[in-house]
Structure formats: structure tokens, C-alpha cells
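# Observations on the model geometry
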Amino acid sequence: MCGIVGYIGSKEAYPILINGLKRLEYRGYDSAGIALLNGDINLYKTKGKVADLEAYVVGKNIKGTIGIGHTRWATHGEPNDVNAHPHFSESKNLAVIHNGIIENYDVIKEKLKNDGVHFRSNTDTEVLIQLIEYIYKHENVDLIKAIQLALGQVIGAYSIVILSKDNPNTIIAARKGSPLVVGIGKDEYFLASDASPIVEHTRDVVYINDEEIAIIRKGEELVLKTIKNQKKTPFIEKLEMDLNALEKEGYDHFMLKEIFEQPRSIRDSIRGRVNLKKDTITMSGIIDFEERFLNARRIIFTAAGTSWHAALVGEYIIEELVKIPVEVEYASEFRYRNPIIDDKDILIAISQSGETADTLAAMRLAKEKGALVYSICNVVGSTIARTSHAGSYTHAGPEIGVASTKAFTSQVTVIFLIALMLAQKKGKISNEKLRKLIIELEKIPSVVEEILQLNDQIKELARIFTYARNFLYLGRGYNFPVALEGALKLKEISYIHAEGYPAAEMKHGPIALIDKKMPVVVIAVDSLIYEKIVSNIQEIKARKGKVIAVVTKGDKTAAALADYVLEIPPTEEILSPLVSVIPLQLLSYHIAVMRDCEIDQPRNLAKSVTVE
Ligand code: M6R
């Protein structure tokens, strides 16, 4: 969480930093701040969003060609002006921005306080910069050495960028566990938590690795060292990112844009991977590890949030097509429970951002235990992608709305392709069936286009339920995870309590909640267990619940029972999550808009959860 940006060059830094912070605001929006080095370090910060910071700096001295900026998702210390970043050292000669958590900050703070250091904020970040200054002053070392020594003492995760009044042409940055990218321009450098603020300035980037320090001096080559002072050679990569993808392009919110992008994003997830002439699927990440995949005893998916829901769909798909046992684990649980996993297992980590701390930790644990670790990520070059042995990108394009939408459908698409490829290689699927499923998959983008036409109808439906206090979402089989996803979408952006359940589990408890005020969204598309879902709808109606049913076009039975009906075109059942989720995304979007909620930046959340 938290977005960090930096600039050093000959241009005015402020506009670059502010625009960069706007691009990174999805990472946190509790407070924002900048520091500009221009003789002194001028530091401005305020509670609130980047727009509040812009208003705050009006009339102030924002000159300077070196600077850093931060947008915060609060961990230590409440979100207020004082706890906002950047943080000064006591002398105000150093300023730092930080993304991550310093876990042993209290011990260090106590020691520094006993040695007479005064603190201004309640943050772990201030402890780090005070420690650096303390070492710099008392151990007679240069600033880089002081930073190295300080980082050697801290436990936790960080990416930091430091300005120093004594080193006026330098920015120093370091990372461990939180992402950091350096953009290399002509006589200028950019720093950021991800490439989105950099891409409009340069396409040449270096991803800083864990425990590395970047020393960036005006007019000089980038220097990379480890915390232990070993020199490293920067590996320059070319960014491939469409700038338009970072704009709303006429939509009111990124979330709506991203929902509407799904025909394209699903197509991009399929593109180049399917050969209908030869009836083959090629996922290049699998090829090098084909034997291990084919002989795997088990596949374990690990993920968080929406990506975890995609993993759950994956369990159903892979067991059905590939016949390998699959388990799905919350990364946050997996990492702390000494799981039984070894070199016969494959762990597949799913993550849109590729930076989720728990998912990354689960991967590292699985790697240590000898498992093959595969990733399914959206963000190219992200830490999860780079930590895995191999992986597949989803190619959904940047997802900026905090509520994940197109990432889910791309993840499911990629899992489906992996399953088809493995099923074919293991001889578990006939060529006819494979061909049929590929043809059906390729139709999905047009089906999604058709479903998006329901937007106005869904908007009207949303009006009816704007003030509901609770919602239930029910689904079965492939659409049980979709029920979970529908509920997550509603609660995170509209703040309405919602629960997703396997429809048949309702009678084991949640049915007690149903009365005439309870809206129940039921995914009742064509499936082998359609009749069972119809019975579940009857159970709800018998208790006067309000049923909103997502049904297959032409449906008579479920539609006749439901109070409100959303009809979607028919698809193969195994592919139905890719389409049944679309009306649920739109429903939560419109309800949240009508409740005047912050759609793209819901309260308390951040897009990329880089703390545990
Ligand atoms: O970037 P990731 O896919 O690893 O993120 C996982 C979750 O944090 C994420 O899906 C979150 O639940 C979204 N806000 C859901 O819309």
C-alpha cells in the first residue's frame, strides 16, 4: 500500500510528483505529501487526497528539481497531517517516504528516545529516518553507509526514498518486500512504486530487488548496491504500457471503464495462446515445467480477495478437466500454518497487482519446501511474477479501480487455458471436446458485450435496492465463487453488508436472515444442478425474501419465481463464471453510485496490499 514517487533531473519536480501521485492514489488515500530539495528541504503534507495536497500548496514555494512524494494508506499512526509522509529527521536535513511496515520500530524508538532524539509523529517511518540520522551523526560514516547500517537493524518491509540536504544532487532509495521501480530518462531519473507514473516520461526502467539500494545522482549513472555493499549491475527493461489505459477515457469511474473493458481484456488473455487449426493451447510458462505439471500430485492455489475467488473457480475447472486434486488457500492463512507441501506439489499464486504481501510470503514458503511456484499476475514485472519459477500474465491492462473486476475474468480465462493445455497433455480430454470448449471460450467476449447492454436495466434495479442494509448472494458449483465475488464487490464499494453462500448451505443457518426486506441475488444459470437452485429460490420465496435472479435467456422456471430477473446468454457451464459475474459487478457499481460512495477509492482500502 502507499504510493511513492521521486524525481531528480533538470525539470521542475513538483508537477511530475503530483501527476505521479495521482496515478498512484489507488494505493492509498489517507494523506499525501511532497518534499522538494532546493537548498533547504521544503516539505508539504496534509490529511486527505492528492487534490487536498494540491490545494494546500497553493502560494507555497514548490520550486526544485529534486523531490519525493507520497500517498498514504495508514498502518502506524492515525491518518492525519502529522503522520502523513514525507517525514523529516530531527535536524530536518533528511526526509523520507516509505511504503511498508517497520515491525521493530518501538524498540528502536525507545532506544533513540533514551538517547535524546525527539519524535514528531506516531509512525514507524519516522523511526527509520531518525535512526539513519542518528547513525550518520554518531558513527562517522557517509549517508549511504548510515542507510545500510540502519536497514540492517530494521525488521519488516520497506521501499524508501530519501532526500538529504547535505547531498543536494542525490536521491537514495532502497527496497525490501515493497516494490520500487526506477525510470531512466535523459539526464533524469524517476522513482515510483509501480511503473504507472513513469511510463509517460520514459520506457526504460530498472526494478529494484529486495535488499538493494539505488544511489541516484544528477547527471551520473544509476548505482545499485546491496545493503551489505555489494555492487550490482542495473538490468534495464522496456516498459510496454498503453498510456490511455491509465485514463478514465470518458467513463465516470475507472471501475465502470474496467467492467466495460472486459470483452477486450478477456480477448487479450486468450490472444496468441490458442491455435484452433491445430487444436492446441500454448501457455509458454508451462512448457519449461511441463513434466512437473503433468506429474503433479496436487495443485494448490493461493491468493487473496477477488483473486482467491478466481482460484476457487480454478479448483472446479482443473479438477473437472485435468483430474488433478486442487486445494485453494487464503495466502494469509497458508503462510502461518506450516502446510504440508513438497516437490510433488505445484503452488499457483494468483494476484492482479503481483505485490500482495501475504501471497508473496505463501509463495516463498512453498518454494522453500520444494514446490514448483507458478504465478498468474496482471502487472508485468511485479514482485510475485518475478518471484515465481514461471507464470502466465493475464494481459488485462492496468486495473486502477480498487474493486477488482476485469482482473477476475482474465484470471479465470488464464486458469481455463492452463487447464485445457494440461488436460490435453495428460490425455484427459478428447480433441472434439477441447475444440468445442475453445470455440465457446472465444465466444465469451461477445457474450460479455451482450451482457453489458443490461447496464440500464441493472441501474434501475440498483435504484430499488440502494438503501438495503444486507444482501445475500447465492450460487452453486462454478457459480458459488461468483456469489462470493458478487458479495465482496457490493460490500467493498457500497458499504452494504453482503454475504456470499453456496445456495444449499443457506438452510444451515443464513435462511434465518431472510424476510421481506432481504434481497437475495441468486445465480441460476443453466447447469447440471439448475433444479436444485430452483428449489433454493423456492425456499427463499416461501420466507418472503426478494429474489434477484441471474438466469439464462429463455429461462422460465427460476424467472417465474424471482422478483427481478437478469437474463444472460447461454454458455458452457464451466465458462459461466466469466459471464454471470458481469451483472453482479454492474449491480454493485450502480448501488454504490446511488449511495454516493467513493467508487474507485472506497474507504479504508487500497489497491495493492503490500502489508500483511
Ligand atoms: O492484487 P491482488 O489480486 O493480489 O489483490 C488481492 C486482493 O487484495 C484484491 O482482490 C481485493 O480483494 C480487491 N479489492 C477486491 O475487489
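Residues numbered from 1 in each chain as written. Predicted model: local features only at pLDDT ≥ 70, side-chain atom pairs only at ≥ 80, totals over all residues. Heavy atoms only, no water.

## Some words on the domain arrangement of the protein chain
Annotation of the protein chain at the domain level lists domain 1 (3-241), domain 2 (250-448) and domain 3 (453-600). Inter-centroid distance (C-alpha atoms) of domain 1 to domain 3 is 45 Å. (Domains from an automatic or database assignment.)

## Quick look at the environment of Ile-318
Structurally, Ile-318 can be placed in helix α10 (residues 305-321). As a C-alpha pair, Ile-318 and Cys-377 span 59 residues in sequence and 18 Å in three-dimensional space. When neighbours within four sequence positions are excluded, Ile-318 is seen to be in contact with Ile-299, Phe-301, Lys-323, Ile-324, Val-326, Ile-415 and Ala-419. (Helix = DSSP H or I, 4+ residues; strand = E, 2+ residues; numbered from the N terminus. Contact = heavy atoms within 4.5 Å.)

## A closer look at the side chain of Asn-104
Locating Asn-104 in the fold gives a position in the loop between β6 (94-102) and α3 (105-114). Asn-104 sits in the buried class, given a relative accessible area of 13%. Contact partners of Asn-104, with chain neighbours within four places excluded, come to Gln-153, Val-154 and Ile-155. (Buried < 20%, exposed > 50% of the residue type's maximum accessible area, 1.4 Å probe, protein only.)

## Regarding the sheet that holds strand β23 (residues 470-475)
Within a sheet, each strand pairs with its neighbour through backbone hydrogen bonds, oriented either parallel or antiparallel. Taken in spatial order, the five strands of this open sheet run β24-β23-β25-β26-β27, and their pairing is parallel. Each having just a single partner strand, β24 (497-502) and β27 (564-568) make up the two edges of the open sheet. For this sheet, the mean inter-axis angle between neighbouring strands, taken without regard to orientation, is 15°. Across three bridges, the pairing between β23 and strand β25 (residues 519-524) is parallel. Residue pairing across strands places Leu-474 opposite Val-522, the latter belonging to β25. Together, β23, β25 and β26 (546-552) form the strand contacts of helix α18 (residues 530-542), whose direction differs from that of β25 by roughly 165°. (Pairing = 2+ DSSP bridges. Axes fitted to C-alpha atoms, helices over the stretch in contact; angles between N-to-C directions.)

## Side note on the sheet that holds β6
Pairing in this open sheet of seven strands is antiparallel, and the strands run β5-β6-β7-β8-β12-β13-β14 from one edge to the other. Of all strands in the sheet, those with a lone pairing partner are β5 (87-88) and β14 (231-232), marking the two edges. Bridge analysis of β6 against strand β7 (residues 156-164) gives nine bridges, and the strand direction is antiparallel. Bridging across to β7, Val-96 finds its partner in Ile-162. Running over the sheet, helix α4 (residues 124-138) touches β5, β6 and β7 and is turned about 130° from β6.

## Observations regarding the site of the ligand
As a matter of local geometry, the ligand sits amid 15 residues, with Ser-307, Ser-351, Ser-353, Thr-356 and Glu-492 nearest to it. A distance of 3.0 Å separates an oxygen atom of the ligand from a polar atom in the backbone of Thr-306. One nitrogen or oxygen atom from the main chain of Gln-352 is found 2.7 Å from an oxygen atom belonging to the ligand. Against a free-state accessible area of 410 Å², the protein chains account for coverage of 91% of the ligand. At the level of elements, α10 and α17 (480-494) are the ones that each hand at least two residues to the shell around the ligand. Residues belonging to the shell around the ligand are distributed by class as follows: five nonpolar, eight polar and two charged. Counting the residues that make up the shell around the ligand, at least three belong to each of domain 2 (250-448) and domain 3 (453-600). (Near = heavy atom within 4 Å. Polar contact = N/O pair within 3.5 Å; in protein donor to acceptor, adjacent residues only side chain to side chain. Areas by Shrake-Rupley, 256 points an atom, 1.4 Å probe, with all protein chains shown as cover. Nonpolar A, V, L, I, M, F, W, Y, C, P; charged D, E, K, R; others polar.)

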